[in-house]
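Structural features, examined
In case you want the letters, here they are:
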Amino acid sequence: MSAPSHAVSGHDHGHESSKFQIYVQIAMLLAVITGIEIVCVYLPFAKWLVVTTLVILSTVKFMFVIFYFMHLRWDKLFCTILFFIGLILASGTMWALLTLFSAEASLPLPT
Amino acid sequence: MFNSLPPLARWGRAFFALASITLLSGCDFNFWRMDGHQSTMVVDGSVARQQLEVFYVTCWVSLVVFVIVAAVLAYAMIKFRARNEADEHAEPPPQGHGNPLIELGLIGASVLSLVIIAVPTLKAIWSTYDVPEAEKKDAYEVTATAYQWWFRFEYPSEIAAVNASGAKAPVIAANELVIPAGRPIRINLRTVDVIHSFWVPKLAGKVDMIPNRANFIFVRADKPGYFWGQCAEFCGDSHAVMRFRVVALDKKEFAEWVEQQGQLARNVAATAVATTTTPQFTALRKFAQNEAGITDKFEVNPLESWRTKQLPEKDENTALIAKGRQLFSAKTCIACHSIRGHDGAGVSAPDLTHVGSRTTIAAGLLENNSQQLRRWIRDPGSVKPGNKMAKAYLENKISLNDEEQVALVAYLESLK
Amino acid sequence: MSSHAASTSIDHHHDPSTSTGIPNKKLLMWTFLASDCMFFAALISTHLIYRLHPPAGGLDPKVVFSPELTSFSTFILLMSSLMMALAVTAIQKGNVKSCRWSLLTTIFFGMIFLGCQVYEFNHFVHEKHMTISNSLLGTTFYTLTGTHGCHVAIGVLWLALMYVRSFKVASDKSWFSQQLLHVVTLLGALLLSLKVTLGLVHAIGTEATFGAALGHFFGAEFVFIALMLIAYGLLAFYFARPRGTVQFSEVNAIDVESMGLYWHFVDIVWIVIFTAVYLLEYL
Amino acid sequence: MPVLLKSPDILNQITRLMELAKSAHLTQEEHAPSQPKFLTHPTTKTGLMGWLTTVDHKKIGFLYGFFALIFFIIGGFEALLIRTQLMVPNNDLLTAQQYNTLFTMHGTTMIFLAVMPLSAAFFNFMMPLQIGARDVAFPRLNAFSVWTFVAGAIILNIGWLGPILERFGIHGHNAPDGGWYGYAPLTSKNFSPGHSIDYWVMGLQLLGVASIAASLNFIVTIINMRAPGLTMMRLPVFTWMALFTSFLIVLSFPFITIALVEVMMDRNFGTSFFEVSGGGMPILWQHLFWVFGHPEVYILILPAMGIISEILPTFSRKPLFGYPIVVFSGASIGFLGFAVWSHHMFTTGMGTVATAAFALATMCIAVPTGVKIFNWIGTLWGGHITMRTPMMFALGFVWMFMIGGFSGVMHSAAPADAQQNDSYFVIAHFHYVLIGGSIFALLAGIQFWFPLMFGRKVSEFWGKVSFWVIFVGFNTTFFPMHFLGLNGMPRRTFTYDPNLGWNTANFIATMGSYVLGVGIVIYFAVLVYTYLKGEKVKKDYWDGRTLEWSIESPPPEYNFRVIPTVHARDAWWHEKHHREEIAKENEAHAKAEEAHGGIHMPYGSIWPFVAAFGTLIAAIGITALPANPAPGIHLKLGVCLVGATVAFIGIYFWSLEGNEGYHIHLDKDGNIIGEDHGSKH
Ligand code: HEA
Ligand code: HEA
Ligand code: CUA
Ligand SMILES: [Cu+2]
């Protein structure tokens, strides 16, 4: 994630024009993964397996978008850290909340 | 330990001495003794005791750490203080930046002190949470339901007739929870409106009553006694006056009480038709806003006061009672209250079947005597702002004249 | 900041006037996105908690949701992200024209996504009888996806403003009124398109044959179609006519890039929502 | 320009005119499109317009401070009313309703309208000075923050007009009365039918927007606008704490924003997030609130710790002991702060495991906090401690905060907390950390930086008198509350019976609060006097260590004649001990800067104010207007729409305005010898 672009200075946008290719490829990849996800749901596998697969696949999509489309790969590491502080805290809090509410003591009153 | 006052609290005393003479007439000094009716320091229940023990651990650890740190701080403040002009303008001291070893040592020491606190904390979290497995069989179950601003207590294991035709349902009481002493009690905590909290400091710490949530609390009273409780979660206008009582009885007395509560409401035969008798009653004295509803006499031995309440009043005016019973329907009280065996099947208000046998009314706020009963039914809103009964008075245009008040009071008092 | 002129080269990953070399606007955007993560964490948690503990007798999302439409709009949003990324590269190279086209496409895809959402909400309310207030599922679902939709809408608005901004001509005294009209026309065209498309979809849904649907559609939407065409005409031939050197160049790359970050973020939130809210329900 | 021709002194005018035309022509070419009239930059620096359009971080800081202190007095007045009601049992000074309103507004005001903005005031004023910057990264965003804060404060307090509206037959308006953490479902339409909760919801919502916007700005400023050589590990600790606080705000406020949105939807659109009848779980509100709420209390204390970490070294004439560890512990406090929220919910029946986990996590926080205390003592150790007023308050902080921290640790033992929760023990705990902590530190900060901000010095004698009165009053008020709590007195009660053993302690507490009030009055009276008549002082009054002391007091609008180059941690202290080299360096830099066209200053702008004003209108539409009877809802929506439009116009014009500024030129002593408005950037 260090910035190779520093070496390439000025109007030499050599690596930039190849970005077009990368972007299109990634977009295709994202579309394909989305397709796989949709298929996954209907596969007759164990629930935990499908859920894990879905979570992993979405994470992959997520990472591709932030590292390529959002240039984290080419930007200063600091941007990545900054965003991941929020991301990790957000996922952590979400996880904690879901866990708390799954505890027996927290079940809503049966109706 | 609280006898050794910090110097600042002594200042407080000085203030107190200055002004108390004029302002405080009935003041007592258990500020330092910490043994009020709702004290968490002088307790009568096993759960509260465990919680108190944890508190003492935290308190002592904190105190020790505080004394050490404070001593060093005080020493530094005195020792390194610039004493005069020359000192202040002297060459600055060496510009040292820190000492990792000291830092690590102190971190280690802090962690250690925290471990001392953590261990009993963890133990008590498990032991105070629920009735211990071994005693589950013996545990007694009650359901407490909070309403704005009173409590309803239901005894699922005590089934009794609810009307003359013999339909059965669990025994229901309000605002005074009677439990067997010595036994573990598991109280289901429910609420019908907002969040409330069930707190009887001498028996156990609080647990909240939260809508759509099946909370419960475990308490055990060491011995028979009379305990003060209080709703401990802000629940609207009259949260402050949402109180209740717990009465713990020995086995035999508890059984008697259950037996009596299972009865339908007491019938007092009218000897004459009420309209012809002129009732004798003392005038209602004026009550100040927020005036206390509990007398000192009651305080002396509340459990004894409770016992007296179980027996019928001495000279009952039967005519008056009969008229009160009529009025209870006529004034639409029955829409909200129920009196098993008499009229009324309302469920949105305290069950009044045995209201006469309770020591307090209006959720522990007022002592249950004729003056306070009258004060309540005359204008419930002035006692408990925003209260549903006052709202009903407005909506149904209920107003009671002196005579009616007295009749109703007589009737209510007869319900033992 | 940005005191260095455009004449020298611009390194888009390094801004020498800041301590870290990251341009201020980019840093601002990344920090905001970190914060936005927490917004969506709160919303998604609310939704999932109530999905894990649904009230008895609540709606079954399997019956309500339609995976085809959602998959389609997911795809659309992914593509809009691609176009956005291309817009950023274009302007970084100083290619204003290409940047404009990419922006327009992004706007277009964004509008399709919004259209799908409007259609979906409409469908859920009228056909599936799930409203925001009649069920907990509706409550959390509409709030979560609605908030996401608001993000998309704000993004579209921002894109539209940026697009118009790229026409600001240096020597034009009336640039302000021009720009205002341009914005209004663009937004008008977009809203009219949305209206017309939904009208078409509605017509197809209600009429039996395609011919009847078209007839119904033209009958009902005639005025809107006409207005829409006028708006597009104005956009293409009046506002976009060449008028001199524009004040929009590589220097503005950072503005487009920050906007892009926002847009991509909206996309990744949707990636999460798509999985957590829709797909998991079909297990 | 034609106007000029009418002027009598023709010759003179014509030459000027020609010059003007020339320069106008020049600028025309450079960045041609002439701005429409309303987009021209305001240049007034004085009067009302000067304040409304200011983007100067110091003036904005001053605005924050001014409003915060007003609200502190208001919140304090509310507290005094609370204390007066509780002075004796069964007091009837206030009705239950009034009392509930008072403690709600007291808590909300103190936290959101007094302590937070006061911290923001120091962040604004001092942080850029400490990092050697001439402004924050986004000056207009900064102005937007302060005005949105004011809008939020207005919404929150507008309910006080209720009794007046009542006279005109308009009912249901009241100041918020649901407690500062407004637990659902008490805040639902069902149980709070009037408008009071709406005011609370929208007020907090606007304050959230303001806080997040301001914090984003601070984060970017601290990370990106540091003077050359000022690496992160050389940052003054106060700036570090500003950074952490801003992160906490940015990361925790979203949770309350969403929670408030959900309440608002429940109240207005029939959703059932917290409606039991629709399957909602009110407990969810508590989680969402405290995920925000606990970080919030660290938002209140971290700036205070930063201030203390500046004052102690200055008055011990020694650097902060263990700087890296202090910084790191600040970060861990902030981070751990997100993992302990449920310690406010020990009594909600979370089950054993969750309770234990949160109890342990909470205890962990005592470690990094302890580290700070130890390092402060280490800083004093071996120093030359000069006991000036700021130092008195700072030391008072260390003592009092410690006591508050220890009662916090007592809370963290969940079984003990089952007794303490919602009792006066909690009240004692958090007033020790909030007043003994935050307020003491902020009062110390005011004393400390007053000479810098206004160029006048506060009388030592009166400063110390105010300290002692406040200190004694504070302890007399809140120490007895520990006993009250342990003796079973519940909080949020407007009355109590005389038979519970609480009379004495309550009476003492009330007397103490009066003493505290007198102390606060003395404190501010002295400040006002000093502001008007105090003795003038030269720069660097306290022999300071960080960069803010390197400039004149009061600071000039451009802050630094030359952007300083930093070589060591306590940059100004270092500079004072290496005068010659640094003076040379600075001269070189000054020349370079002048060659680049002088000092860049941003123009003022009215648009942030307009945008904030729009949010105010919209919020009034949402909160104050009734939905019924019939045309009501349209009026309501209409007003909201108008507000949103105004806000949008504000933001749109603000973006069109562009971020150009002007340049000023200085002579050697920092006097402005010229301004040029011609050039861009
Ligand atoms: C400035 C704000 C602030 C700060 C800094 C703190 C700091 C802490 N707080 Fe406090 N707290 C509040 C503001 C604050 N709190 C408020 C406003 C409430 C009530 C909200 C409401 O209900 O309205 C509250 C309530 C509250 C509760 C809930 C009580 C209840 O309602 O039942 C708890 C429970 O754990 C708690 C714990 C702590 C702890 C462990 C710390 C720790 O961070 C303290 C750490 C500090 C020290 C421990 C002292 C110094 C350390 C040493 C000298 C090292 C050695 C020490 C040891 C080894 C013990 N706080
Ligand atoms: C930073 C936050 C902060 C600060 C500084 C304070 C300051 C004070 N607070 Fe508190 N307080 C809270 C935050 C704060 N508070 C919170 C969050 C709650 C919980 C609310 C809730 O439960 O929802 C609370 C609740 C609370 C209660 C409990 C109410 C209840 O539960 O029933 C009490 C009771 O004594 C109290 C007292 C005080 C006092 C005496 C001060 C004093 O320090 C105030 C000192 C200041 C002054 C005295 C101002 C001086 C001004 C004047 C003297 C001008 C006056 C003019 C005239 C007299 C005409 N506060
Ligand atoms: Cu019920 Cu408080
Ligand atoms: Cu906390």
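Preceding this section is the structure that the text describes.
To keep things clear, this report deals only with the structure shown in the data block. This is a predicted model, so every value here is computed, not measured. (Residues numbered from 1 in each chain as written. Chains lettered and ligands numbered in written order. Predicted model: local features only at pLDDT ≥ 70, side-chain atom pairs only at ≥ 80, totals over all residues. Heavy atoms only, no water.)

Brief notes about the site of ligand 1
Quick note on the threshold: Residues are classed as near a molecule or strand on a simple rule: at least one heavy atom within 4 Å of it. Polar contact is the term for a pair of N or O atoms within 3.5 Å; when the atoms are in protein, one must be able to donate a hydrogen and the other to accept it, and sequence-neighboring residues count only if both atoms are side-chain atoms. Strands here mean DSSP runs of E at least two residues long; helices mean DSSP runs of H or I at least four residues long; both are numbered from the N terminus. In the scheme used here, Gly and all other residues not listed as nonpolar or charged are polar, with Ala, Val, Leu, Ile, Met, Phe, Trp, Tyr, Cys and Pro taken as nonpolar and Asp, Glu, Lys and Arg as charged.
With respect to spatial proximity, 34 residues lie near ligand 1, and among them Trp180, Tyr298, Asp417, His429 and Arg491 of chain D are the closest. Proximal residues around ligand 1 fall on chains B and D, making this an inter-chain site. The contact in question runs from an oxygen atom of ligand 1 to an N or O atom on the side chain of tyrosine 298 of chain D, over 2.7 Å. With respect to ligand 1, the side chain of arginine 491 of chain D contributes an N or O atom lying 2.8 Å from an oxygen atom. Listing elements by their share of the shell around ligand 1, those giving two or more residues are α5 (100-129) of chain B together with α10 (283-316), α12 (352-380), α13 (389-412) and α15 (424-454) of chain D. No other element matches α13 of chain D, which puts eight residues into the shell around ligand 1. Class assignment for the residues of the shell around ligand 1 results in 19 nonpolar, 13 polar and two charged.

Overview of the packing of helix α10 (residues 370-378) of chain B against helix α13 (residues 402-414) of chain B
Residue and element names in this part refer to chain B. As a reminder of what qualifies: Note on method: axes are straight lines fitted to C-alpha atoms, helices fitted across the in-contact stretch only, with angles between N-to-C directions ranging 0 to 180 degrees. Roughly parallel refers to an angle under 35 degrees, roughly antiparallel to one over 145, roughly perpendicular to one between 65 and 115, and oblique to any angle outside these ranges. The hand of a helix crossing depends on one turn: near helix anticlockwise from the far one by less than a right angle means left-handed, and clockwise means right-handed. Contacts are residue-level and defined by heavy atoms, with any inter-residue pair within 4.5 Å sufficient.
Contact geometry of α10 with α13 gives a least axis separation of 9 Å together with a crossing angle of 120°. If you check the angle between α10 and α13, you find them oblique. The two elements α10 and α13 meet at a crossing, and its hand is right-handed. When α10 is examined against α13, the residues Ser370, Leu373, Arg374, Ile377 and Arg378 are found in contact with a partner set consisting of Asp402, Gln405, Val406, Leu408, Val409, Leu412 and Glu413. Its residues placed into classes, the contact of α10 with α13 shows six nonpolar, two polar and four charged.

A word on empty space enclosed by the protein
All names here are of chain D. Short version of the rule: The way it works is a 1 Å grid over only the protein atoms, where trapped points that fit a 1.4 Å probe form a cavity and open points with protein on both sides within 12 Å along at least five of seven lines form a pocket, and then any residue with an atom within 4 Å of a point lines it. Grid points are joined across faces, edges and corners, and a volume is the space filled by probe spheres set on the points.
The final tally for this structure, using the stated rule, is 14 cavities of 30 Å³ or more. Its volume calculated, the largest cavity comes out at about 190 Å³. Along the wall of the largest cavity there are 19 residues; nearest its centre are Met116, Pro117, Ala120, Ser211 and Ile249. At the level of secondary structure, the elements contributing two or more residues to the lining of the largest cavity comprise α5 (96-130), α8 (196-224), α9 (237-269) and α10. Looking at the lining of the largest cavity, its residues break down into 14 nonpolar, five polar and no charged. For the second largest cavity, the calculated volume is near 130 Å³. Looking at the second largest cavity, it is lined by 15 residues, and the ones nearest its centre are Val237, Ser309, Leu320, Tyr323 and Asp570.

Quick notes on α12 of chain D
Under the convention used in this document: By this rule the span expected of a helix is its residue count minus one, scaled by 1.5 Å.
Compared with an ideal rise of 1.5 Å per residue, which puts 29 residues at 42 Å, α12 of chain D spans 43 Å between its outermost C-alpha atoms and is within 8% of the ideal. Glycine 382 of chain D lies just past α12 of chain D and shows a positive phi near 75°.

Some details on the interface of chain B and chain D
Rules: By buried area we mean how much accessible surface two parts lose on assembly, using a 1.4 Å probe and totalling the loss over both. When a carboxyl oxygen of Asp or Glu lies within 4 Å of a side-chain nitrogen of Lys or Arg, that pair is called a salt bridge.
Between chain B and chain D, the contact holds 110 residues from the first and 117 residues from the second. Both sides together, the interface formed by chain B and chain D hides about 9,600 Å², and carbon and sulfur atoms give 70% of it. The interface formed by chain B and chain D contains one salt bridge. With a closest N to O distance of 3.1 Å, arginine 243 of chain B and aspartate 497 of chain D form a salt bridge. Where chain B packs against chain D, one counts 19 residue pairs in polar contact (both at pLDDT 80 or more). Going through the elements one at a time, α1 (7-23), α2 (30-33), α3 (46-79), α4 (85-88), α5, β7 (204-209) and β9 (225-231) of chain B are the ones with two or more residues in the side of chain B that touches chain D. Considering every element that reaches the side of chain B that touches chain D, the biggest residue donor is α3 of chain B, with 17 residues. For the side of chain B that touches chain D, the residue count by class is 64 nonpolar, 29 polar and 17 charged.

Concerning the coordination of the copper ion (ligand 4)
For a metal with four donors in a tetrahedral arrangement, the ideal angle between donors is 109.5 degrees, while six donors in an octahedron ideally sit at 90 or 180 degrees. Residues and elements named next belong to chain D. Using the following cut-off: Distances define the donors: N, O and S atoms within 2.8 Å of the metal qualify, as do those within 3.2 Å of Na, K or Ca. Water is excluded, so some sites may look unfinished.
The coordination sphere of the copper ion (ligand 4) contains the protein donors His294 (ND1), His343 (NE2) and His344 (NE2), at a distance range of 1.9 to 2.1 Å. If you list the donors of the copper ion (ligand 4) from N- to C-terminus, the spacing comes out as H-x48-H-H. The metal-metal distance between the copper ion (ligand 4) and the iron atom of ligand 1 is 4.5 Å.

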